[in-house]
Amino acid sequence: MPAVPHDEWLRRAEAFQLSGAHHIDGAEETGGGATFPVVSPRDGRVLAEVADGGAAEVDAAVAAARRAFDTGPWPRLAPAERGRALLRLAGLLEERREELALTVSLEMGKPISDAYGIELRAVITTFRWYGQLADKLTDESPHTAPDALALVTREPAGVVGAVVPWNFPLTLAGWKIAPALAAGCTVVLKPSENSPLSALLLGRLATEAGIPPGVLNVVTGDGPTAGRALGLHPDVDVLAFTGSTAVGRHFLHYAADSNLKRVWLELGGKSPNIVLPDAPDLEKAAATAAWGIFFNQGEMCTAPSRLLVHSSIAERVTEAVVRRARELRVGDPLDPETEMGALAGRAHLDRVTDHIRHGVDEGARLRTGGDRFLAETGGTYLEPTVFDRVDPGSRLAREEIFGPVLSVLAFDDLDEAVRLANATDYGLAAGLWTSDLSTAHRVSRALRAGTVWVNCYEEGDLTVPFGGMKQSGNGRDKSAHALEKYTELKTTWIQL
């Protein structure tokens, strides 16, 4: 984190200005002239008026991406050249890191220390990693009879539509854009209408890095209009989406109603975090549980929103989590000391508080939090919230809240813990705390989740894939496996 004090971030926020034009074919485009306001959850201030794209703007962006793929240089460059372009983009992101961090913090309420130290670190690392990987992929030549030669090649899939949410606007965009570009595809990115400014800046930096016009386009607008147009577009070959399960269903319908494009979905979660009595460090387990649910204001698909604790240690662990929740520094996202900022907007705050009211009505015990906070600022803040005595069949235990709300459930044996953990429509992530290696292996295999963390949470790097099971989606971001989403396998059989 740079040594930028709170008052300097405030000064920069007052002077903040950023163009809200689409980025299409390497240039700014205002589209039809309609705009929508981007409101900061920090204080309710309008940050910018952003172009409100629809079918015409999506058509223009897809046409640019189609030209760049069909006749442009990008898919035909040597992989090492594409890799160098991605590395140049990573370098520009590093140079503009403070500006990008400020943009993310203002548009979605993330603490500036997290925006700079976590979000920007992640997206820079992503472009560097895929830039370094681009020329290290190999095709196959299976063994055949002596009179034939077989080749299995991976070719870029074409035009990729990427639709990403507001909670990690740059990281999740990077997880899709970087492997798609490394593979030789072209991209149309549709960011969330809550957080379009950082994505627009990313598009402009890509052009500045020398990525050819049309290779990365950014169209802003809402989901039912711009997102739908992208999902239905017959010239989009692959659609990659991160967001809610409900919207993911729409994209599957759009594909079926258009050209049967491949759709890759990373959707919601209701992740269990299991603490056994033999956990190597119960205080660390409790502190990590609290950090996991309150990090990024709980606005994470992997958030460990269900804390499953053995009944013999349930009260001890719950008290430790409650203590940490009460100590958490909630406040201005531009204060480097802030640990939890504002929720993404008024409508989202209302949805989260509605879940809290239902939890009380359903009989769960509210241990701490639950109230709006700092309302006088004009921002959308909420106290860190912990429930225990949660009914496994209740909304608190089953529905994704996407906010700083923890549900604690007690269990008596390991089989019950696994049943509770798997008693959800989702299957994105899970945590397990134990000192027994055999237990770690057995439970990890039994949990229906794409990622299982043992004695930690939210750890990993670009070498491992990320994605879910069940209604948490399909396909994988991160790692070399992400390239599988953006390539087509071709068999060439040569009779000698």
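Under an unreviewed UniProt entry, the protein has the name Aldehyde dehydrogenase PuuC and belongs to Streptomyces cahuitamycinicus. Under the UniProt heading Sequence similarities (unreviewed entry), the entry covering the protein gives this text: "Belongs to the aldehyde dehydrogenase family."

(A) Structural view of the domain arrangement of the protein. What the domain assignment reports for the protein is domain 1 (6-267) and domain 2 (272-454). With centres defined by C-alpha atoms, the gap from domain 1 to domain 2 works out at 31 Å. Residue-level contacts link 25 residues of domain 1 with 28 residues of domain 2. The contact between domain 1 and domain 2 buries some 2,000 Å² in all, and 59% of this surface belongs to carbon and sulfur atoms. Taken together, the links from domain 1 to domain 2 amount to 1 salt bridge. Note that Asp332 and Arg42 form a salt bridge whose closest N and O atoms lie 2.6 Å from each other. Counting only elements with at least two residues in the side of domain 1 that touches domain 2, the list comes to α1 (6-14), α4 (97-108) and α5 (112-133). Split into classes, the residues belonging to the side of domain 1 that touches domain 2 amount to 13 nonpolar, 7 polar and 5 charged.

(B) Summary view of the UniProt feature "domain: Aldehyde dehydrogenase" (unreviewed entry) in the protein. Look at the UniProt record and you will see "domain: Aldehyde dehydrogenase" (unreviewed entry) annotated at residues 34-491. Along residues 34-491 the backbone is 40% helical and 19% strand, and the end-to-end C-alpha distance reaches 47 Å.

(C) View of the packing of aromatic side chains. Taken as a whole and judged by the stated rule, the model has 8 aromatic pairs. Between Phe251 and Tyr254 the ring centres are 5.4 Å apart and the planes differ by 85 degrees, which places this aromatic pair in the edge-to-face class. Here Phe251 pairs with Tyr254, and both are found in helix α9 (residues 245-257), just 3 residues apart, close to one helical turn. The pair Phe251 / Tyr254 is uniform in exposure class, with both members buried. A ring pair is formed by Trp291 and Phe295, whose centres lie 5.0 Å apart and whose planes are at 15 degrees; its orientation type is stacked. For Phe295, a relative accessible area of 8% corresponds to the buried category.

(D) Fine view of the UniProt feature "active site" (unreviewed entry) in the protein. Feature annotation in UniProt places "active site" (unreviewed entry) on Glu266, given in this structure's numbering. Here Glu266 shows up in strand β10 (residues 262-266). Judged by its relative accessible area of 4%, Glu266 is buried. Those residues in contact with Glu266 that lie beyond four places of it in its chain are Phe241, Thr242, Gly243, Cys301, Leu428, Phe466, Ser472 and Asp477.

Parameters and conventions
- Residues numbered from 1 in each chain as written.
- Predicted model: local features only at pLDDT ≥ 70, side-chain atom pairs only at ≥ 80, totals over all residues.
- Heavy atoms only, no water.
- UniProt positions renumbered as here; feature names shortened; annotations may be inferred.
- Domains from an automatic or database assignment.
- Contact = heavy atoms within 4.5 Å.
- Buried area = accessible area lost by both parts, 1.4 Å probe.
- Salt bridge = Lys/Arg side-chain N within 4 Å of Asp/Glu carboxyl O.
- Helix = DSSP H or I, 4+ residues; strand = E, 2+ residues; numbered from the N terminus.
- Nonpolar A, V, L, I, M, F, W, Y, C, P; charged D, E, K, R; others polar.
- Phe/Tyr/Trp six-rings, centres within 6.5 Å; stacked < 30°, edge-to-face > 60°.
- Buried < 20%, exposed > 50% of the residue type's maximum accessible area, 1.4 Å probe, protein only.

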